[in-house]
Amino acid sequence: MKMLDMLQQPNNNILPESYKNLTDREMEKRVREIKEHFGDRLFIPGHHYQKDEVVQFADAAGDSLQLAQLSAENPAEFIVFCGVHFMAETADILTEPHQKVILPDLRAGCSMADMADIHQTERGWKRMQEALGDTILPLTYVNSTAAIKAFVGENGGATVTSSNAKQMLEWAFTEKERILFLPDQHLGRNTAYDLGIPLDQMAVWNPILNTFEYQGDLEDVKVILWKGHCSVHENFHINNVEEIRKNDSQMNVIVHPECSREVVALSDFAGSTKYIIDTINQAPAGSKWAIGTEMNLVKRLIRQHPDKEIVSLNPQMCPCLTMNRIDLPHLLWALESLEHGAVKNQITVDQATAEKAKLALDRMLARV
């Protein structure tokens, strides 16, 4: 079969074996050639958690929303998004109709985003309304599907990021008595706690059992936390912090707020990916840091800061498996497909969903 025929097959979304036989040098050379060929018609955003072999070709590196916004500001015809599925969806929502958003590997999903299924959410919302009336405003972390963003937008809520979650919760409490926070219970709990809401006024919603996990009177609940989590950040534990403290009392512990409340409480600093990067960048030479976030980023920070002692808070951690789906062979395949006139793995959000999801995004952007 000729290469062009293979690339243009509409249902052929599996990486051809031929790419697995190429050396890194060969693939890097081709990626550079294709980037030069497309010029301003091509934009490659790369998330901080991506592998170095991919990030080296990113036109911009950043967090998910930042990259989606940069994609919308860029006039490029093709956005080859090196991240995961929900990020590419957000980019498609914010970009113009003529722009095409491509995910090099469709298997690059997000376990946290998948924990908030729209059917479970609609079913749960009905039960919550029956129990507590029209007193709840939904907020969703941007790490969620377009369908969940649309649900939140339709019901008067907004999206949040790990950087602005506190600000958005403060706004939400001016709108309604209670908040439903999707899909990451840890970010919701940590943010609400920082706002002074006691843990006994937070209930967990179990979407599998379609019920509250709460021992007290539901009327006392201020925050309903969807029972979801990040599979990476939930693997940082109290014993990891205790081990660091025992081995070196001079080590600063900095973690992402997707970690559990117990881990955040024991840490010296907690904040978004950008906050972690900025803190390390600004830290004095000779300082010591144990970082609780994704391993690709931790390893990159170690290489970028040889004047500082940096370790992973959990040395047994692996990189995010779904983020790691995007690798050099898949990136090259996506680009060579474009070169041959075939758009592979395009991510599209239907207009109705996109309009409602954009309501949720716009409500956040108007307040930050």
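Residues numbered from 1 in each chain as written. Predicted model: local features only at pLDDT ≥ 70, side-chain atom pairs only at ≥ 80, totals over all residues. Heavy atoms only, no water.

Colleague: Is there a simple way to think about the overall build of the protein in this case?
Modeller: Looking only at helices and strands, the protein features 16 helices and 15 strands. Taking 21 Å as the expected radius of gyration for a compact globule of 368 residues, we find that the protein reaches 21 Å, a close match to that expectation. Considering only contacts within the protein whose residues lie at least 6 apart along the sequence, 66% involve residues at least 24 apart. Element-wise, carbon and sulfur atoms account for 49% of the exposed surface of the protein, whose accessible area totals about 16100 Å². Charge centroids of the protein, computed over 36 positive and 51 negative side chains, lie 2 Å from each other. (Helix = DSSP H or I, 4+ residues; strand = E, 2+ residues; numbered from the N terminus. Rg over C-alpha atoms; globule rule 2.2 N^0.38 Å. Contact = heavy atoms within 4.5 Å. Areas by Shrake-Rupley, 256 points an atom, 1.4 Å probe, with all protein chains shown as cover. Lys, Arg positive; Asp, Glu negative; His and termini not counted. Charge placed at Lys NZ, Arg CZ, Asp CG, Glu CD.)

Colleague: Could you clarify how one ought to interpret the nonpolar core in this entry?
Modeller: One recurring pattern in soluble globular proteins is that nonpolar side chains are buried together. Within the largest apolar cluster, 99 residues are counted, with the highest numbers of intra-cluster contacts made by Val80, Leu139, Ile291 and Leu313. Per-element accounting of this core gives the leading share, seven residues, to helix α15 (residues 328–339). Excluding its chain neighbours within four sequence positions, the residues that come into contact with Leu313 are Phe236, Asn240, Val241, Ile244, Val253, Val255, Val263, Ala290, Ile291 and Gly292. Formed by 19 residues, the second largest nonpolar core is a distinct cluster that contains Phe151, Leu180, Ala203 and Phe212. (Core = buried A, V, L, I, M, F, W, Y, C linked by side-chain atoms within 4.5 Å. Buried < 20%, exposed > 50% of the residue type's maximum accessible area, 1.4 Å probe, protein only.)

Colleague: How should helix α8 (residues 146–154) be read in this particular structure?
Modeller: Three- or four-residue spacings in an α-helix give side chains the same orientation, since the helix completes a turn every 3.6 residues. Summarising burial for α8: seven of the nine residues are buried, a large majority. Here α8 has its buried residues at Ala146, Ile148, Lys149, Ala150, Phe151, Val152 and Gly153. Packing partners of the buried residues in α8 comprise α5 (85–94), α7 (118–132), β6 (136–141), β7 (158–160), β8 (178–182) and α16 (351–365). With its phi angle positive at about 85 degrees, Gly156 sits one or two positions after the end of α8.

Colleague: I keep staring at the sheet that holds strand β1 (residues 42–43) and nothing clicks. Help me out?
Modeller: Strands in a sheet are paired, the pairing made by backbone hydrogen bonds, and the direction either parallel or antiparallel. What the three strands build is an open sheet, ordered β1-β4-β5; its pairing is parallel. Edge strands, defined here as strands with exactly one partner in the open sheet, are β1 and β5 (100–102). Looking at chain direction, β1 and strand β4 (residues 78–80) are connected through two bridges and run parallel. In the sheet register, Leu42 faces β4, and the bridge partner there is Phe78. (Pairing = 2+ DSSP bridges.)

Colleague: Whenever I open this one, the UniProt feature "binding site: [4Fe-4S] cluster" (unreviewed entry) in the protein confuses me. Can you help?
Modeller: When the UniProt feature table is mapped to this numbering, "binding site: [4Fe-4S] cluster" (unreviewed entry) covers Cys110, Cys230 and Cys320. The largest pairwise C-alpha distance within this set of annotated residues, which runs over 211 residues, is 9.6 Å, so the set is compact in three dimensions. Residue position: Cys110 is located in the loop between β5 and α6 (111–114). Ignoring sequence-local partners within four residues, the contact set of Cys110 consists of Val84, Phe86 and Thr322. Mapping Cys320 onto the fold places it in the loop between β15 (309–312) and α15. You can call Cys320 buried: its relative accessible area is 14%. When neighbours within four sequence positions are excluded, Cys320 is seen to be in contact with Val232 and Glu294. (UniProt positions renumbered as here; feature names shortened; annotations may be inferred.)

Colleague: What should I look at first to understand the packing of helix α9 (residues 165–175) against helix α10 (residues 185–194) in this one?
Modeller: Packing of α9 against α10 brings their axes to within 9 Å, and their N-to-C directions diverge by 70 degrees. When the axes of α9 and α10 are compared, the pair comes out roughly perpendicular. Residues Ala165, Lys166 and Leu169 of α9 form the contact with α10, whose own contacting residues are Leu187, Thr191, Ala192 and Asp194. For the contact of α9 with α10, the residue count by class is four nonpolar, one polar and two charged. (Axes fitted to C-alpha atoms, helices over the stretch in contact; angles between N-to-C directions. Parallel < 35°, antiparallel > 145°, perpendicular 65-115°, else oblique. Nonpolar A, V, L, I, M, F, W, Y, C, P; charged D, E, K, R; others polar.)

Colleague: Honestly, the environment of Asn206 in this entry has me stumped. Any pointers?
Modeller: Inspection of the secondary structure assignment puts Asn206 in strand β9 (residues 202–206). Using a relative accessible area of 7% as the deciding quantity, one classes Asn206 as buried. Each C-alpha atom of the pair Asn206 and Trp226 lies 6.7 Å from the other, and the pair is 20 residues apart in sequence. Beyond its immediate chain neighbours, meaning those up to four positions away, Asn206 contacts Thr211, Glu213 and Lys227. There is a polar contact of 2.9 Å between the side chain of Asn206 and the backbone nitrogen of Ile208. (Polar contact = N/O pair within 3.5 Å; in protein donor to acceptor, adjacent residues only side chain to side chain.)

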